[in-house]
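Coordinates in review
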Amino acid sequence: MTTRLNPYAVAPGGIQKMIELEEFLKNSGLEYSLYELVKMRASQINGCAFCLHMHSKDARAAGESEERLYLLNAWRESSLYTPRERAALAWTEALTLLAQTGAPDTDYDGLKPHFSEVEIVNLTLLIGLINSWNRLAVGLRSQHPRTWAAKAA
């Protein structure tokens with residue numbers, strides 16, 4: 001697969017605004033483990049190898065377990081995720097698959113026991129942002145760094 005273009009070089013002003021929103025959300029009070037799980041789950045759904053590579057690495061560096069990363073695609077069947085994380089992951093799926101789900105009331109209502117209104121807005125912004133990053137990376141064919149094993153093959 002060949003990269004189509006580098007959005008950072010072509011449109012730095014827009015990318016900088018996305019980075020500024022990213023920084024705001026990192027400091028918004030959402031715990032970092034949740035922040036990375038949401039990014040990973042949306043990236044799984046969107047098939048974004050670039051973002052999966054980046055966020056799995058970031059999550060591991062922040063102390064996330066391999067087991068939770070491996071099972072994230074099947075989070076509904078795993079007991080490794082907290083009720084707060086499960087609510088966020090359901091909302092992530094609902095918004096990432098918006099055309100199919102319509103953001104159902106059950107998923108929104110599932111947030112209320114675990115998140116304040118401000119946190120719900122920040123979580124929703126985070127989900128929108130990672131979906132935008134996914135669309136840039138997938139649409140423009142951004143390439144993740146190759147690992148030693150991939151280079152050797």
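In case you missed it, the structure is sitting above this.
Residues numbered from 1 in each chain as written. Predicted model: local features only at pLDDT ≥ 70, side-chain atom pairs only at ≥ 80, totals over all residues. Heavy atoms only, no water.

Looking at the packing of aromatic side chains
- The final tally for this structure, using the stated rule, is 3 aromatic pairs.
- With 5.5 Å between their ring centres and 25° between their planes, Tyr32 and Tyr35 make a pair best called stacked. A residue pair is termed a helical-turn pair when its members lie 3 or 4 positions apart in one helix, as Tyr32 and Tyr35 do in helix H3 (residues 32-46) at 3 residues.
- What makes Tyr35 buried here is its relative accessible area of 1%. (Phe/Tyr/Trp six-rings, centres within 6.5 Å; stacked < 30°, edge-to-face > 60°. Helix = DSSP H or I, 4+ residues; strand = E, 2+ residues; numbered from the N terminus. Buried < 20%, exposed > 50% of the residue type's maximum accessible area, 1.4 Å probe, protein only.)

Quick look at unusual backbone geometry
- With a phi close to 50°, Ala103 is a non-glycine residue in the positive phi region.
- Within the secondary structure, Ala103 sits in the loop between helix H7 (98-101) and helix H8 (105-111).
- The exposure class assigned to Ala103 is partly exposed, which follows from its relative accessible area of 22%.

A look at the layout of surface pockets
- Each pocket or cavity is described by its volume, and for the largest pocket that value is around 280 Å³.
- Lining the largest pocket are 20 residues, and of these Tyr8, Glu22, Met54, His55 and Trp133 sit closest to its centre.
- Counting residues per element, the ones that place at least two in the lining of the largest pocket are helix H1 (7-10), helix H2 (12-26), H3, helix H4 (49-61) and helix H9 (117-139).
- Within the lining of the largest pocket, the residues separate by chemical class into 12 nonpolar, 2 polar and 6 charged. (1 Å grid on protein atoms, 1.4 Å probe; cavity = no way out; pocket = protein on both sides within 12 Å on 5 of 7 lines; lining within 4 Å. Points joined across faces, edges and corners; volume = space filled by probe spheres on them. Nonpolar A, V, L, I, M, F, W, Y, C, P; charged D, E, K, R; others polar.)

Focus on the nonpolar core
- Judged by nonpolar contacts, the single largest core of 26 residues is most densely connected at Val38, Cys51, Trp91, Leu111, Phe115, Leu123 and Trp133.
- Contributing elements (two or more residues each) for this core: H2, H3, H4, helix H6 (83-96) and H9.
- Sorting elements by how many residues they give to this core places H9 first, with 8 residues.
- Counting 9 residues, the second-largest nonpolar core is a separate cluster that includes Met40, Ala59, Leu69 and Tyr81. (Core = buried A, V, L, I, M, F, W, Y, C linked by side-chain atoms within 4.5 Å.)

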